[in-house]
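So you can see what is in the structure, the chains are spelled out below.
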Amino acid sequence: MSTEETPTRGLLVAVCGIDASGKTTQAARIAEHLRDSRPVHITRQPTDLYRGDDLVRSVESLDRRTPEAMRELALLAAFDLARHARTVICPRLDRGETVIADQYVFSTYTFFQACGLTEMDWLVQLNRFAPAPDVTLYLDVPAETAASRIVHREGSLRQKQDIDLRRLIDSRQTYLEQPWGRRTTYHVVDGARPIDEAARDVLSLVDSAAQDLEDRTRKGAPARSADIAAPCSPAKEASATEPSPKDPFSSEPPPTPEQGTSVLV
Ligand SMILES: Nc1ncnc2c1ncn2[C@@H]1O[C@H](COP(=O)(O)OP(=O)(O)O)[C@@H](O)[C@H]1O
Ligand SMILES: Cc1cn([C@H]2C[C@H](O)[C@@H](COP(=O)(O)OP(=O)(O)O)O2)c(=O)[nH]c1=O
């Protein structure tokens, strides 16, 4: 398909998982697979703005187990995502580009839960303006497998004893349990298999999400569930023909159903 024929709405793919689960590897495979059909942009979360921010660093240097410090960090992380969505993710989706997010809100929820932040509802509401992914691929690997990959990763200086295995185990559990609410677009992919084998499942799920998006676009329906805070319940999916709400950050008029590009609420 040429760029001129690209449907208005782009596909948002989220790749999530614990450290060394293969996110970067699979994100590159997806990009390679889709590059001929439309422009592809890979993005990482949190952004460099957050990672290099003095305020973030000062809160991170506090006791990580303090709920108060974690709440402050969660607010900063939500700001980072909201800004990234407004300035990078949404404009690219609106231009019909494919956006692949290496870590997304589900990673954020998992990270803060592992740090002892128990207010999942609050965390979800805080990030509800993030566009809901068309497809989320959670790459599932046992903590031991991840730990061994971390040690053997190119250029790694980490030793096995430096790795917080407990945190990897807890995070994996959270990704599997999905305490933020189950979604039909969230898929658990066995990432412990060889790269090519895992990629086969990943690409097939991405292809079917792309097909679904194309079908919805043709029918003039909104591309995806507008509210990430709401799991894709049957009731939510039944409301797919309603016009999508206006992006509160945007100075643009709300999209027509044909455009249906604004995914923020
Ligand atoms: N399915 C796999 N089997 C074995 N090794 C893998 C697999 N996927 C990735 N790796 C290797 O594991 C390490 C971490 O992969 P990477 O894609 O960087 O993970 P992440 O982005 O999740 O941290 C890299 O050295 C990579 O080559
Ligand atoms: C993974 C992830 C991290 N973060 C934040 C939490 C942390 O302050 C920071 C670093 O996360 P990360 O590099 O994943 O963890 P670690 O500290 O174990 O290396 O990024 C997000 O905001 N969203 C995310 O999806």
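Just so you know, these numbers come straight off a predicted model, no measurement behind them.

Analysis parameters
- Residues numbered from 1 in each chain as written.
- Chains lettered and ligands numbered in written order.
- Predicted model: local features only at pLDDT ≥ 70, side-chain atom pairs only at ≥ 80, totals over all residues.
- Near = placed C-beta within 6 Å.
- Helix = DSSP H or I, 4+ residues; strand = E, 2+ residues; numbered from the N terminus.
- Nonpolar A, V, L, I, M, F, W, Y, C, P; charged D, E, K, R; others polar.
- Pairing = 2+ DSSP bridges.
- Axes fitted to C-alpha atoms, helices over the stretch in contact; angles between N-to-C directions.

(A) Structural detail: the site of ligand 2. Neighbouring ligand 2 are Gln 45, Pro 46, Glu 60, Leu 73, Ala 77, Gln 103, Ser 107, Thr 108 and Phe 111. Elements that contribute at least two residues to the shell around ligand 2 include exactly helix H4 (67–94) and helix H5 (105–114). Considering every element that reaches the shell around ligand 2, the biggest residue donor is H5, with 3 residues. In terms of residue class, the shell around ligand 2 is built from 4 nonpolar, 4 polar and 1 charged.

(B) Looking closely at the site of ligand 1. Gly 22, Lys 23, Thr 24, Thr 25 and Arg 149 are the nearest of the 15 residues found near ligand 1. Element by element, the count of residues in the shell around ligand 1 is highest for helix H1 (residues 23–34), at 3 residues.

(C) Broad picture of the sheet that holds strand S1 (residues 12–16). A sheet is described by the order of its strands in space; here 5 strands give the open sequence S2-S3-S1-S4-S5, paired in parallel fashion. The open sheet is flanked by strand S2 (40–44) and strand S5 (186–190), the only strands paired with a single partner. Averaged over all pairs of adjacent strands, the angle between their axes in this sheet comes to 20°, without regard to strand direction. With 4 bridges joining them, S1 and strand S3 (residues 98–102) adopt parallel strand pairing. Among the inter-strand pairings, Val 13 is bridged to a residue of S3, identified as Ile 100.

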